[in-house]
Every structure is written in C-alpha cells, then in structure tokens.
Amino acid sequence: MTRKLTMLAGSFALLASSALTTLAADQEISWIYCGDVIDPIHEKYIAEWESKNEGWKVKPEVVGWEQCQDKATTLAVAGTPVAMAYVGSRTLKEFAQNELIVPVPMTDEEKASYYPNIVDTVTFDDTQWGVPIAFSTKALYWNKDLFKQAGLDPETPPKTWAEEIEFAKQIKEKTGIAGYGLPAKTFDNTMHQFMHWVYTNNGKVIDGDTIVMDSPEVLAALQAYKDITPYSVEGATAYEQNEIRAIFLDGKVGMIQAGSGAAYRLKDTQINWGVAPLPQGPSAKGEGTLLITDSLAIFSGSGVEEKAIEFAKYITSTDIQHEYELQGGAGLTPLRPGPVVDEFVAKEPFWKPFIDGIAYGGPEPLFTDYKGFQNVMIEMVQSVVTGKAEPADALKKAAADLEQYK
C-alpha cells in the first residue's frame, strides 16, 4: 500500500470511529405505537422531551391496532424487546408474571392525581406495571323520538335495570323497533359490555387470585341480560358494540351503552338523543362503569428501562394528557380531574355521565391469560342470550372455567 493510500485508509478509520461515537451519543427509546399515525400532540411533546434530554431520542414505530400488541409480545419473548409499548392494561399481569416488563411504581402523589380506581387497572400484587395513557367509560344513550312514539317520557331515561328492561319492552311492543342494543358477537367488547352491567351492580369477577364471579350480584347481571334479550336487536351474536352503535345512529334501536365518541357521531345525524348514567342494578352503591385503560408498558432487557419510565410518565403527565384526551371524537375519557376538564364538561355537558360513573367503576379483571378469560366470558354471555343455558348454570360453568386462567 502506498503512503498516500495508507494515510487515506487511516482517515477513513478515523471518520468511521468518529461517526460511531456520534451515533452512540444518541440513546434510543423504541416505542411500539398502536394506530395508523402518530398523534400530532405526541409528536410535539416527543420533540420537546428530546430537546430537554440531550443524547436521547424517542423512536416510535407505528403498528396497526390488530398487530401492535402481538408484535410487542413476540419481540419480548424473543429477547429483543422494544423499550416501551402501548398495550391493553388487561395484559399487564400476564407480562409481569412472565418477567417481560418491569414495575413502574407510582408515588402517593402520582396515584392521587388520577380519578378513583384508575390506578387499579395497572396494579397487580400491590405494584404498578404500566402508565395509563388512554381511558374509556360508557354511558346510556337513548333515542328521544322512539321514547315518545312508545308513550315514554322522552326526557326521562331509565335509572335502574328494571326500568331499562321495561322501557325496552314498551318500545319494542309499541313501535316494532328494538328497545335495546345488546352485542354478543365473538369479540372482546362483548365481555366489556357485560362488565359494565357487573360494575353497575357492585359485582366483581376476581379478587386477588380468587374467582368470586359466582355471586348474587353477577347472577343478577346475567339474568338481566336474559330478560332484556327479547326486546333487543335480533341476533345479538352477530353484532359487536360498534355495529350496534351504527344501528343506533340509523335510528333503529331505542337504547345502547356506548362511549363518548358516539356523541360526536350523533351530532351529524337528525336523531333526537340524550345521554345518561348507566342504569343501576339492585345491589349498586352508585353510578358505575367498566374502567378500560390502555397503558405504556416498559419492557425488561432494553437497557434503557429507567429513562423509558421517565419518558412514559412525561408523555402522560396531566397537561399533555388533557390536551391529547380532550380533542373530541376519540372516545377517550380523561384520566385525571382538573380545571381543564371542568371547563370542557361545562361546554359539552353530555360528558358528565362518563366521568360520574368512575367513582363506583371497576377495572378490567387481570388474568394470566386474558384471552382465555375473555373467551370464557363471551361463551357465557352467548349461551344465555341464545337460550342454550340458564343464567345460574352458565355462571357456575364460567366461574369454574376461569380457574385455569387466573
């Protein structure tokens, strides 16, 4: 090699070394981000966080809703985890017990910043395993014109299950239109919809590691499902909740339970509608709802766990979260109270039932195999609404079947 080539080679080596040093300077927090695109609000605050944390970059990878959780799980099991992923909080127990994620402990002050019971959705063995980032609750929507046609007061929604069933019956008999929309398709929200009834009657599925579902409170919910089915949309097993919502938006059902996103869609229709708290069962202590959260889980083995926790708490901090949640139309309920939420509710009063139900709401039950749990609940509901099983028998079978998944 000539002296000139030797010097050139040395220069390339120096440049390469320099480039590697520059690349190494920026450590990355990889983030599996569920959806079609990154929300502009998250984009803005990612940039802000990076500007305050020199040498760190957040790298979101947008993955469709159908695949994002499976991708995060597959990478973790393979030993090549991302730093952080958007997951359904119901999966946290399964991840934790398989040592795929690290705890994300919260201070008392952090816990107190949330609405009641929210932290329970990410808590297992008295430890928090994720940071809530998205939250939804449900309320009752009713079609005022159908109420009027059926001889009901269009301004008075049902407050109890008994009234709800009676109103549904009267709508069906007087108008020929379904009084209620009960979804029972083989779909995750069939389980979710039933849990709203459980939590509006002070019921519970699991307490720690003890299955407590075979109780008078849950039996009453399942019996109410049987009682309202004759006055509901025919062929319940053909519909999931968004398909039921579409029927309501078309004016073809008297009542449904749905999230806040339905209100924004209803604004574009000619339907005369109202929204109220979910009706309460005989054992209810107050307005309730299922509290569904999605969370940021921090995966073990990325090497940047502590910084990922720091970023996860930042991107879900109160002011940023309110800006993200209160865009309208996304169906999200605020995770935390505050003046911004109060002002928002004052402008959009229909929001009040979605927040009021939180106090007596309950989390998605945490199981080591959440899909197993989900399938048992769906099978139980379907067996009752199709008349294949009586509520008491279906409940006993489901409670026994759940033992293997706890």
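An unreviewed UniProt entry annotates the chain as Multiple sugar transport system substrate-binding protein originating from Rhizobium rosettiformans. For the chain, the Sequence similarities (unreviewed entry) comment in UniProt is given as "Belongs to the bacterial solute-binding protein 1 family." Annotation of the chain in UniProt includes, under Subcellular location (unreviewed entry), the sentence "Periplasm".

Draft legend 1. Seen up close, the state of the cysteines. Counting across every chain of the model gives one disulfide. A sulfur-sulfur separation of 2.0 Å characterises the disulfide bridge that pairs C34 with C68. Between C34 and C68 the sulfur-sulfur dihedral comes to about 95°; the bridge is accordingly right-handed. Of this pair, C34 sits in strand β1 (residues 27-34) while C68 sits in helix α3 (residues 68-77); the two residues are 34 residues apart in sequence, bridging distant segments of the chain.

Draft legend 2. Representation of the domain arrangement of the chain. Partitioning the chain into structural domains gives domain 1 (26-134 + 291-353) and domain 2 (137-287 + 366-401). Summarising the inter-unit geometry, the C-alpha centres of domain 1 and domain 2 are found 29 Å apart. Tallying the contact residues gives 23 residues for domain 1 and 23 residues for domain 2. For the pair domain 1 and domain 2, the two sides together bury roughly 1900 Å², of which 57% comes from carbon and sulfur.

Draft legend 3. Just the environment of G301, in detail. Position of G301 among the secondary structure elements: in the loop between β13 (290-298) and α12 (305-315). For the pair formed by G301 and L100, sequence separation is 201 residues and the distance between their alpha carbons is 8.3 Å.

Draft legend 4. Just the packing of aromatic side chains, in detail. If you walk through the whole model with that rule in mind, you get 21 aromatic pairs. Seen from their ring centres, W273 and F350 are 6.3 Å apart, and the 65° between their planes marks the pair as edge-to-face. One end of the pair, W273, is in strand β12 (residues 273-276); the other, F350, is in the loop between α14 (339-347) and α15 (352-356), and 77 residues separate them in sequence. Residue classification places F350 among the buried positions, given a relative accessible area of 9%. In this structure an aromatic cluster arises from ring pairing among Y141, F248, Y264, W273, F344, F350, W351 and F354. Over the ring of Y114 we find R336; its NZ or CZ atom is 4.2 Å from the centre of that ring.

Draft legend 5. Region of the structure containing the packing of helix α9 (residues 216-228) against helix α16 (residues 370-385). Between α9 and α16, the shortest axis-to-axis distance is 9 Å and the interhelical angle comes to 40°. Judged by the angle between their axes, α9 and α16 are oblique. As α9 runs across α16, the sense of the crossing is right-handed. Contacts from L222, Y225 and K226 in α9 reach M380, V381, V384 and V385 in α16. Residues belonging to the contact of α9 with α16 are distributed by class as follows: six nonpolar, no polar and one charged.

Criteria and thresholds
Residues numbered from 1 in each chain as written. Predicted model: local features only at pLDDT ≥ 70, side-chain atom pairs only at ≥ 80, totals over all residues. Heavy atoms only, no water. UniProt positions renumbered as here; feature names shortened; annotations may be inferred. Disulfide = S-S within 2.5 Å. Helix = DSSP H or I, 4+ residues; strand = E, 2+ residues; numbered from the N terminus. Domains from an automatic or database assignment. Contact = heavy atoms within 4.5 Å. Buried area = accessible area lost by both parts, 1.4 Å probe. Phe/Tyr/Trp six-rings, centres within 6.5 Å; stacked < 30°, edge-to-face > 60°. Buried < 20%, exposed > 50% of the residue type's maximum accessible area, 1.4 Å probe, protein only. Lys NZ or Arg CZ within 6 Å of the ring centre and 35° of its normal. Axes fitted to C-alpha atoms, helices over the stretch in contact; angles between N-to-C directions. Parallel < 35°, antiparallel > 145°, perpendicular 65-115°, else oblique. Left-handed = near helix turned anticlockwise from the far one by under 90°. Nonpolar A, V, L, I, M, F, W, Y, C, P; charged D, E, K, R; others polar.

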